[in-house]
Every structure is written in C-alpha cells, then in structure tokens.
Amino acid sequence: MAAAEALFAFWRDAGVDACFEEAPVDRTVFVAPVAAKGPATITPLRAPGAAPAPGEAAAEARRLAAAATTLDELAEAIAAFEGCPLRAMGARQSVFARGNPQGSLMIVGEGPGAEEDVRGQPFVGQAGQLLDRILTAADLLDEAFITNTVFWKTPGNRTPTPQEQAVCAPFVERALALLKPKAVLLVGAAAAKAVLKTDDGIMRTRGQWREWRLSEGGIAAPVMATLHPAFLLRQPQAKGLVWKDILDLSARLRGEVVEPGA
Ligand code: URA
C-alpha cells in the first residue's frame, strides 16, 4: 500500500491528476487507422458523451450566454454547458465567479486550479489569498467580481489552450455585459493574451490601458493586465510592478483619471 501511495504521489507531483480511460493505453504502439468501408460520408460523427467540435461548442456557448439575464443565470448556464473539453478531463465541477455582482471591478484570471476545483470558487488557493491581500490593501476587495478565462480546471494545472479559452469566451463576455464594470483587470499572461488578442508577453502588456469592446451590444470597458499572483509567490521582487498597476487601477475606479478628450 505504501509503495502504491508513493507511486500515486509521484505521478500527482508530476502533474498527472486525472484518468481519462478505464484501461491504460500504450501510446508508443502505432495502430494504423482502419480504412472505412462503404460510401464516404460527409457528416462528422460524434462519439456518445464526447464534447462537440469547437465551432459548434462556441455557438452553443454564445446561445446559452445570451439567454442569461443575470450573473446567477450565467453561472447556471455554465454549469449546464457540456461543450468545453476540460469538463471531461478530470474537473469535479464548474468554477465561475466570486465577489460582488454589483462591483465596479471585474477581474479575469487564467483558470481554476486544484483548490478551486474542490471548492467551486475562483482564486481561493494560495495565489487567490495573495490576490485578496493586494485588493484589500488597495481597498478594492469589496468592488471585485472575480472570474477566469475557463471554468474547469486543466489537467496538471497546465495553461488553458486558446481553443479552450475560445469556447468559454462567450460566457466571459456575457459576464462583462451583465456586470458593466468601470474597469477590468486581467491577471496573468493567459488572460491577457485571450482578452487582448495579442501574442505579446505580459511584461510588455502589463500596466497599459486598452479598451475591451464586445462586438455586440455596444459594451466596452477599460482593461489593464498585470502579473499573476502565482508568479509573485515565486518572484516576490515583482510585487512592486503589480502594486504600481493596482494604484493606477484604483485611481481610475475612483474617477481620478482624466479620459483623453474629456
Ligand atoms: N489562478 C487563476 O488564474 N485562477 C484561479 O481561479 C486560481 C488560480
């Protein structure tokens, strides 16, 4: 038993935290695909229980998101949505948001980790506790509505893929439309790349104001990226950069920023 537990601990520490099939598959053995018999078909077939194709899934996400008229309804729509492939990769539940649903600040992180997966709320692990301490120090915690670019934990806590983020994006955008925050803070490189639609690194994008404008409904909000608190746990010397960004954010929320042209 001790040996089995040690082996599981080894795999968990290596990032293997989910089983996808009943029996192990030897991926080192190449099995040639069996040629299809009969007339060719152009209808893609989906295995029972498998996630829909990304385009189909994003369309379904847009439909469900648009039908939600409150943030609570949006949470229910996300919990019922089966189109994100992460759902079938070992996640226990969907993790949508926590914080003030009337808040003036929307915060978007990367995606839930192991702790968030268990508790069903974003940013409740070590990184989340640091984020809360930063927001409290700036007197912004009560204003914050906190969510992520994806709503299911990734296997081994890897960065979500752009496809996984794209499938979940209609829900993130609907959250923006329903909350109508005065400002949005993107936390970490994965959130910055997904929302700002850029390949620039976070050291280049952080601290700069952009506009996040939705293609439908005339909704827009000023948006800024900053470093992820998980990065700060590893590199505490970078905290000063985040504090600078947070003070800038705080000034904007308090109306101390003169808009260009105002
Ligand atoms: N990191 C994130 O980006 N989001 C969470 O919810 C937790 C950790």
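Anything mentioned here points back to the structure above.
Residues numbered from 1 in each chain as written. Predicted model: local features only at pLDDT ≥ 70, side-chain atom pairs only at ≥ 80, totals over all residues. Heavy atoms only, no water.

**Student:** Looking at this structure, how should I read empty space enclosed by the protein?
**Tutor:** One water molecule sets the probe size; rolling that probe over the atoms shows where empty space is left. Tallying each qualifying case throughout the model produces one cavity of 30 Å³ or more. Approximately 50 Å³ is the volume attributed to the largest cavity. In terms of lining, the largest cavity is formed by L131, I134, L185, V187, T226, L227, P229, V242 and I246. Elements with a contribution of two residues or more to the lining of the largest cavity: α5 (126-137), β4 (183-187) and α10 (239-253). Within the lining of the largest cavity, the residues separate by chemical class into eight nonpolar, one polar and no charged. (1 Å grid on protein atoms, 1.4 Å probe; cavity = no way out; pocket = protein on both sides within 12 Å on 5 of 7 lines; lining within 4 Å. Points joined across faces, edges and corners; volume = space filled by probe spheres on them. Helix = DSSP H or I, 4+ residues; strand = E, 2+ residues; numbered from the N terminus. Nonpolar A, V, L, I, M, F, W, Y, C, P; charged D, E, K, R; others polar.)

**Student:** How should the side chain of D117 be read in this particular structure?
**Tutor:** Following the sequence through the fold, D117 ends up in helix α4 (residues 114-119). If sequence neighbours within four positions are ignored, D117 has contacts with G90, A91, R92, Q93, V95 and K153. (Contact = heavy atoms within 4.5 Å.)

**Student:** Got a minute to help me understand a nonpolar patch on the surface in this structure?
**Tutor:** Taken together, the side chains of L7, F10, W11 and V16 define a hydrophobic patch exposed on the protein surface, amounting to about 420 Å² of accessible area. Within the fold, W11 resides in helix α1 (residues 2-13). Overall, the relative accessible area of 42% leaves W11 in the partly exposed class. (Patch = residues over 30% accessible without salt bridge, like charges linked within 9 Å, V, L, I, M, F, W, Y side chains within 5 Å. Areas by Shrake-Rupley, 256 points an atom, 1.4 Å probe, with all protein chains shown as cover. Salt bridge = Lys/Arg side-chain N within 4 Å of Asp/Glu carboxyl O. Buried < 20%, exposed > 50% of the residue type's maximum accessible area, 1.4 Å probe, protein only.)

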